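Inside the fold
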Amino acid sequence: MLEALVCPVTHATLHYDAAKQELVSRAAGLAFPIRDGIPIMLVGEARQIKAD
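Residues numbered from 1 in each chain as written. Predicted model: local features only at pLDDT ≥ 70, side-chain atom pairs only at ≥ 80, totals over all residues. Heavy atoms only, no water.

**Some words on the nonpolar core**
If you look at the biggest cluster of nonpolar residues, it comprises seven residues: Cys7, Leu14, Leu23, Leu30, Phe32, Ile34 and Ala46. For this core, the element with the highest residue contribution is strand β3 (residues 30-35), accounting for three residues. Other than its neighbours up to four places away in sequence, Phe32 contacts Cys7, Pro8, Leu14, Gln21, Glu22, Leu23, Ser25, Ile40, Met41, Leu42, Val43 and Ala46. (Core = buried A, V, L, I, M, F, W, Y, C linked by side-chain atoms within 4.5 Å. Buried < 20%, exposed > 50% of the residue type's maximum accessible area, 1.4 Å probe, protein only. Helix = DSSP H or I, 4+ residues; strand = E, 2+ residues; numbered from the N terminus. Contact = heavy atoms within 4.5 Å.)

Here you go:
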């Protein structure tokens, strides 16, 4: 199902971080949380990540 989800900001693919339970958009520099198995795809709920 992950293949169907894209970043709501850039429409780029997301990467699943199992350890942090997040979907990461490297293009937007955001990590979207997964709570109770449900991805929260709201920009206001995402945390900023630094670019590598």
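Continuing now.
**Some words on the pattern of salt bridges**
Under the criterion given, the structure shown has two salt bridges. With its nearest N and O atoms 2.7 Å apart, the salt bridge here joins Glu22 to Arg47. Remark: Arg47 occurs in strand β5 (residues 47-48) and Glu22 occurs in strand β2 (residues 22-25); sequence separation between them is 25 residues. Judged by its relative accessible area of 8%, Glu22 is buried. Classification of Arg47 as partly exposed rests on a relative accessible area of 35%. Between Arg35 and Glu45 there is a salt bridge, with the nearest N and O atoms lying 2.9 Å from each other. Highlighted residues: Arg35 in strand β3 and Glu45 in the loop between β4 (38-39) and β5, separated in sequence by ten residues. (Salt bridge = Lys/Arg side-chain N within 4 Å of Asp/Glu carboxyl O.)

**So, the pairing of β2**
As a general feature of sheets, a regular strand has side chains that alternate between the two faces. Here β2 shows a buried face lined by Glu22 and Val24 and a second buried face lined by Leu23 and Ser25. As paired elements, strand β1 (residues 15-17) and β2 share three bridges and run antiparallel to each other. Across the sheet, Tyr16 pairs through a bridge with Leu23, a residue of β2. Taking the residues between adjacent antiparallel strands as the criterion, β1 and β2 are bridged by four residues, where Gln21 takes a positive phi near 55°. Here β2 runs beside β3; their pairing, made up of four bridges, is antiparallel. Bridge pairing in β3 links Leu23 to Phe32. (Pairing = 2+ DSSP bridges.)

**Focus on the pairing of β3**
Most of β3 sits out of view: five of its six residues are buried. In terms of strand pairing, β3 meets β5 through two bridges, oriented antiparallel. Within the sheet, the bridge partner assigned to Leu30 lies in β5 and is Gln48. Bridging between β3 and β4 involves two bridges; their strand directions are antiparallel.

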